[in-house]
Amino acid sequence: MKILLINKFFYKKGGADVYFLNLGRLLEQAGHEVAYFSMRHPNNLKTEWSKYFVSRVDFTERQGWTRELGKAGRFFYSFEAKRNLKKLLQDFEPDVVHLHNIYHQLSSSVLDVLKNHSARKVMTLHDYKLICPNYKLFTQGALCERCYRKKYYKAVLHKCLQNSALASLLAAVEMYWTKSRQI
């Protein structure tokens, strides 16, 4: 089979990334043809698929307000990811697309592309991102379910991301945006 694996990082940054990379290796060892879609980064492993990867964005680096505004836009939707993934799908023609962590660096724009593609799709959820803006269901030293049932504004009230109202607002708005599109 031809399998496309999608994850925002193409190096061992965290557990989800280790799983994603190990899965790709195991699929290749089992005789499947595997392609990857990710973000460019100096720590990335070498791959022939990097020509399709999106440009690097680091949401922890602080830059001028115009760059910050551009990063905020990409947080919600990446036209570059949409364009690059379309090209990869045309060139590779996968049977299966397996998504992992796509939020922020790749964005839900990849789901727009995949919605009309004939390949089977599956997504492994490595965290609570689809129901909690801070991914953890944990904040201020305790379990937290305040955002349950699409009450993402509560993340802003409690500064659940980086103890920052602005970061929490951005994450909450992104959650409302993604849910409103129901991809």
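Here, every reference points to the structure presented above.
This structure is a prediction, so every number in the text was calculated from the model and none was measured. (Residues numbered from 1 in each chain as written. Predicted model: local features only at pLDDT ≥ 70, side-chain atom pairs only at ≥ 80, totals over all residues. Heavy atoms only, no water.)

Here's the deal with the side chain of Ser109
Argument step 1. Relative to the assigned elements, Ser109 resides in helix α4 (residues 109–115).
Argument step 2. Residue class for Ser109 comes out buried when judged on its relative accessible area of 0%.
Argument step 3. In contact with Ser109, not counting residues within four places along its chain, are Tyr77, Ser78, Ala81 and Lys82. (Helix = DSSP H or I, 4+ residues; strand = E, 2+ residues; numbered from the N terminus. Buried < 20%, exposed > 50% of the residue type's maximum accessible area, 1.4 Å probe, protein only. Contact = heavy atoms within 4.5 Å.)

Re the packing of aromatic side chains
Argument step 1. Tallied over the full model, the rule gives nine aromatic pairs.
Argument step 2. Considering the side-chain rings of Phe9 and Tyr11, the 5.7 Å spacing of their centres and the 65 degrees angle between planes classify their relative orientation as edge-to-face. Of the two residues, Phe9 and Tyr11, both sit in the buried class.
Argument step 3. For the pair Phe10 and Phe20, a centre-to-centre distance of 6.1 Å together with 75 degrees between the ring planes defines the contact as edge-to-face. Taken together, the residues Phe10 in the loop between β1 (2–6) and α1 (15–29) and Phe20 in helix α1 connect sequence positions ten residues apart. Take Phe10 and Phe20: they sit in the same class, and that class is buried. (Phe/Tyr/Trp six-rings, centres within 6.5 Å; stacked < 30°, edge-to-face > 60°.)

Some words on the side chain of His100
Argument step 1. Mapped onto the elements, His100 comes out in the loop between β3 (96–99) and α4.
Argument step 2. In this structure His100 touches Leu5, Ile6, Asn7, Tyr19, Phe20, Leu23, Met123, Thr124 and His126, once residues within four positions along its chain are discounted.

Re the nonpolar core
Argument step 1. Residues Leu4, Ile6, Phe37, Leu85 and Val110 are the most contacted members of the largest nonpolar core, which totals 38 residues.
Argument step 2. Among the elements of the structure, β1, α1, β2 (33–37), α3 (79–92), β3 and α4 are those that each provide at least two residues to this core.
Argument step 3. The dominant element in this core, judged by the number of residues it contributes, is α3, at five residues.
Argument step 4. Residues in contact with Leu4, not counting those within four places in the same chain, are Ala35, Tyr36, Phe37, Leu85, Leu88, Leu89, Phe92, Pro94, Val96, Val97 and His98.
Argument step 5. Counting residues in hydrophobic clusters, the runner-up holds nine residues, among them Ala155, Cys160, Ala167 and Ala172. (Core = buried A, V, L, I, M, F, W, Y, C linked by side-chain atoms within 4.5 Å.)

Things to note about the sheet that holds β3
The pairing of strands in a sheet comes from backbone hydrogen bonds and takes either a parallel or an antiparallel form.
Argument step 1. Across the sheet, which stays open at both edges, the four strands sit in the order β2-β1-β3-β4 with parallel pairing between neighbours. Every other strand in the sheet has two partners, leaving β2 and β4 (120–123) as the edge strands with one partner each. Geometrically, the sheet is characterised by an average inter-axis angle of 20 degrees between neighbouring strands, direction not taken into account.
Argument step 2. By the bridge criterion, four bridges tie β3 to β4 in an arrangement that is parallel. Bridge assignment links Leu99 to a residue of β4, and that residue is Met123.
Argument step 3. Each of β1, β2 and β3 touches α1; the most contacted strand, β2, lies at about 155 degrees to it.
Argument step 4. Docked against the sheet, α3 engages β1, β2 and β3, running at close to 165 degrees with respect to β2. (Pairing = 2+ DSSP bridges. Axes fitted to C-alpha atoms, helices over the stretch in contact; angles between N-to-C directions.)

What to know about unusual backbone geometry
Argument step 1. Notably, His104 is not glycine yet its phi reads approximately 75 degrees, a positive angle.
Argument step 2. Structurally, the position occupied by His104 is in the loop between β3 and α4.
Argument step 3. On the basis of relative accessibility, which here comes to 8%, the residue His104 falls in the buried class.
Argument step 4. For Tyr135, which is not glycine, the phi dihedral falls at a positive 75 degrees.
Argument step 5. Within the secondary structure layout, Tyr135 lies in the loop between β4 and β5 (138–139).

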